[in-house]
Amino acid sequence: LAHATKTPFFITVGFVRPHLPFDAPRRDWDLYNRSQLPLAEFDQLPDGAPPRSLNFYELPVYKDIPPYSIGNHLPEDLTRTLIHGYYASITYVDRLVGYIMDEVKSLGMYDDTIIMLASDHGYQLNDHGTWCKHSLYEKALRVPLMIKAPGFRPSRVQAMVENLDIYPTLLDLIEVQPPAHLQGESLVPLLRDARAQHKDAVFARYLDGDTVRFPEYAYSEYCSRTCTQIPACRASCATIHPTDRMLYNHTLDPFETASLHADGKHGAVANVMGRVLQQHRRDRERVLE
């Protein structure tokens, strides 16, 4: 319709995969040799990390998945089967995205169309000994973000960005003034110059934990009590647990194998990041009020 009428259009396309269950066509499974797929680089609770930083409750709701926990991993054959399913699901979605790109190109609209690909979370494939998305670890938080827009050349951006930045970026690209209350920032300056400065810190939250990411470090704090629902979390998160915290140096420890929070050598870094996180929580509460 947009092609026929030559009018602006906006389409969102969501793919369930690679969410569980890992259900993909046989052709996508057949592309991989299960025995050769890489396993997690690190599959233990990190030294110095609180056990509550890991969750184990989503995967076992599916048939034939036995209980697992810290130090009690799934059998290797099942682990490889699940990783195989994840790869197949990713491949399936990749092909579906390709179908959309092919159609846009066949209509002669590709060059003039803004296209973004993003995800709402990452995924743990036995990383730190757990599965799915339920944590503040890098594997669960890091997502792909690809932007194709008219007038910009391809580049790879190293800056820290957030999904909050997607909406203001779209508005900027179509020259619409963003609402004043938005917390995100346009990524258009990074499209112009991949080396441009964007943000000094980015944030994420999962239930009873908050994290802040600096270029080198990731710091997380957990609420005074464990919670799983928003009303309960607002009450339990009025105070922060004194010791359930994590600090990782992603330059020296990219797989987050040991938390530095309690080693007595990184107090200054943790204090700075803690103050930034505290201010972020105050700002967030003002937006929610």
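Chemist: Please clarify how the side chain of Thr79 should be interpreted in this entry.
Modeler: Relative to the helices and strands, Thr79 resides in helix 3 (residues 76-106). Among all residues touching Thr79, those that are not within four sequence positions of it are Leu39, Leu74, Asn126 and Trp131.

Chemist: Just checking my understanding: could you explain the sheet that holds strand 8 (residues 240-249) for this structure?
Modeler: Note on sheets: strands pair through backbone hydrogen bonds, and any given pair is parallel or antiparallel. Strand order across the open sheet formed by four strands is 5-6-7-8, with antiparallel pairing between neighbours. Strands with a single pairing partner mark the edges of an open sheet, and in this sheet they are strand 5 (202-206) and strand 8. When the angles between neighbouring strand axes are averaged without regard to direction, this sheet yields 15°. Bridge count for strand 5 against strand 6 (residues 209-213) is five bridges, and the pairing is antiparallel. Pairing of Ala204 across the sheet is with Thr211, part of strand 6.

Chemist: Which parts of the structure should I look at to understand helix 5 (residues 166-173)?
Modeler: Each α-helix turn comprises 3.6 residues. Residues three or four places apart therefore point the same way. For helix 5, the full list of buried residues reads Ile166, Pro168, Thr169, Leu171 and Leu173. The secondary structure elements touched by the buried residues of helix 5 are strand 1 (115-118), strand 4 (145-148) and helix 6 (188-192).

Chemist: Help me understand the layout of surface pockets in this model?
Modeler: Take a probe with the size of a water molecule and roll it over the atoms, and the empty space left behind shows itself. Space inside the second largest pocket adds up to approximately 460 Å³. Along the wall of the second largest pocket there are 20 residues; nearest its centre are Arg205, Cys237, Arg281, Arg284 and Glu285. Sorting the residues of the lining of the second largest pocket by element identifies strand 5, helix 7 (230-236), strand 8 and helix 8 (267-288) as the ones contributing at least two each. Ranked by residue count, the leading element in the lining of the second largest pocket is helix 8, at seven residues. When the residues that make up the lining of the second largest pocket are grouped by side-chain class, the tally is eight nonpolar, three polar and nine charged.

Chemist: Is there a simple way to explain the nonpolar core in this structure?
Modeler: Across soluble globular proteins, nonpolar side chains have a tendency to be buried as a group. In this structure, Leu59, Leu74, Leu82, Tyr123 and Trp131 are the most contacted members of the largest nonpolar core, which totals 24 residues. Counting residues per element, the ones that place at least two in this core are helix 3, strand 3 (131-132) and strand 8. No other element matches the four residues that helix 3 contributes to this core. With near-sequence residues (within four places) excluded, Trp131 lies in contact with Leu59, Tyr68, Leu74, Thr79, Leu82, Ile83, Gln124, Leu125 and Asn126. In this structure, Val212, Tyr217, Leu247 and Ala270 belong to the second largest nonpolar core, which totals ten residues.

Chemist: Would you take a moment to explain the pairing of strand 7 (residues 217-223) for this structure?
Modeler: Taking burial as the measure, the seven residues of strand 7 include seven buried ones, the bulk of the element. Sheet analysis places strand 6 next to strand 7, joined by five bridges and oriented antiparallel. Looking at the pairing, Thr211 lines up with Ser220 of strand 7. The pairing of strand 7 with strand 8 spans six bridges and is classified as antiparallel. Bridge pairing in strand 8 links Glu221 to Arg245.

Chemist: What's the story with the packing of aromatic side chains in this structure? I'm lost.
Modeler: Two measures describe an aromatic ring pair: the distance that separates the ring centres and the angle between the ring planes. Taken as a whole and assessed by the stated rule, the structure comprises six aromatic pairs. Here the aromatic rings of Tyr32 and Tyr87 are separated by 5.4 Å at their centres, their planes lie at 75°, and the arrangement is edge-to-face. Note that Tyr32 is positioned in the loop between helix 2 (26-29) and helix 3 and Tyr87 in helix 3, a separation of 55 residues in sequence. By relative accessible area, which is 27% here, Tyr32 ends up partly exposed. On the basis of relative accessible area, Tyr87 is assigned to the partly exposed category, the value being 24%. Between Tyr137 and Tyr248, the ring centres sit 6.0 Å apart and the planes meet at 50°, which makes this aromatic pair tilted. Here Tyr137 is found in the loop between strand 3 and helix 4 (138-141), whereas its partner Tyr248 is found in strand 8, with 111 residues between them in sequence. Residue Tyr137 is classed as buried on the basis of its relative accessible area of 0%. Grouping aromatic residues by their ring pairs yields a cluster made of Phe22, Tyr86 and Tyr123. Positioned over the ring face of Tyr110 is Lys105, at 4.8 Å from the centre of the ring. Over the ring of Tyr110 we find Lys148, and its NZ or CZ is 4.3 Å from the ring centre.

Chemist: What am I meant to see in empty space enclosed by the protein here?
Modeler: One pass over the full model with this rule turns up two cavities of 30 Å³ or more. Roughly 50 Å³ of internal volume is contained in the largest cavity. Arg52, Ser53, Asn55, His134, Ser135, Leu136, Tyr206, Asp208, Gly209 and Tyr222 are the residues that line the largest cavity. Here the residues of the lining of the largest cavity are counted per class, giving three nonpolar, five polar and two charged. The space that makes up the second largest cavity amounts to roughly 40 Å³. As for the second largest cavity, its lining consists of Asp43, Gln44, Leu45, Leu54, Phe56, Ser69, Ile70, Gly71, His73, His128 and Gly129. Here the lining of the second largest cavity is built from residues that sort into four nonpolar, six polar and one charged.

The rules behind each value
- Note that residues are indexed from 1 along each chain, following the sequence as it is written.
- In keeping with the predicted nature of the model, local features appear solely for residues at pLDDT of at least 70, side-chain atom pairs appear and are counted solely at 80 or more, and the whole-chain, interface and lining totals rest on all residues.
- Side-chain measures were taken over the full set of non-hydrogen atoms in the model, leaving aside hydrogen atoms and water.
- Strands here mean DSSP runs of E at least two residues long; helices mean DSSP runs of H or I at least four residues long; both are numbered from the N terminus.
- Note on contacts: a residue pair qualifies if any of its non-hydrogen atoms lie within 4.5 Å across the two residues.
- In this description, strands pair whenever DSSP reports at least two bridges between them.
- Angular values range over 0 to 180 degrees, each being the angle between N-to-C directions of two axes fitted as lines to C-alpha atoms, with helices fitted over their stretch in contact.
- The rule is simple: take the accessible area with a 1.4 Å probe, protein chains only, and divide by the maximum for that residue type; under 20% is buried, over 50% is exposed, in between is partly exposed.
- Detection works on a 1 Å grid of protein atoms alone, calling trapped sets that fit a 1.4 Å probe cavities and calling open sets with protein on both sides within 12 Å along at least five of seven lines pockets, with lining residues defined by an atom within 4 Å of a point.
- Grid points are joined across faces, edges and corners, and a volume is the space filled by probe spheres set on the points.
- Here the term charged refers only to Asp, Glu, Lys and Arg, the term nonpolar to Ala, Val, Leu, Ile, Met, Phe, Trp, Tyr, Cys and Pro, and the term polar to all other amino acids, Gly among them.
- To form a nonpolar core, buried Ala, Val, Leu, Ile, Met, Phe, Trp, Tyr and Cys residues must be joined to one another through side-chain atoms within 4.5 Å.
- A pair of aromatic rings is counted whenever rings of Phe, Tyr or Trp (Trp by its six-membered ring) have centres within 6.5 Å, and the orientation is called stacked for planes under 30 degrees apart, edge-to-face for over 60 and tilted otherwise.
- Each ring is checked for a lysine NZ or an arginine CZ that lies within 6 Å of its centre and within 35 degrees of its normal; such an atom marks a charge sitting over the ring.

Geometry only, nothing functional implied.
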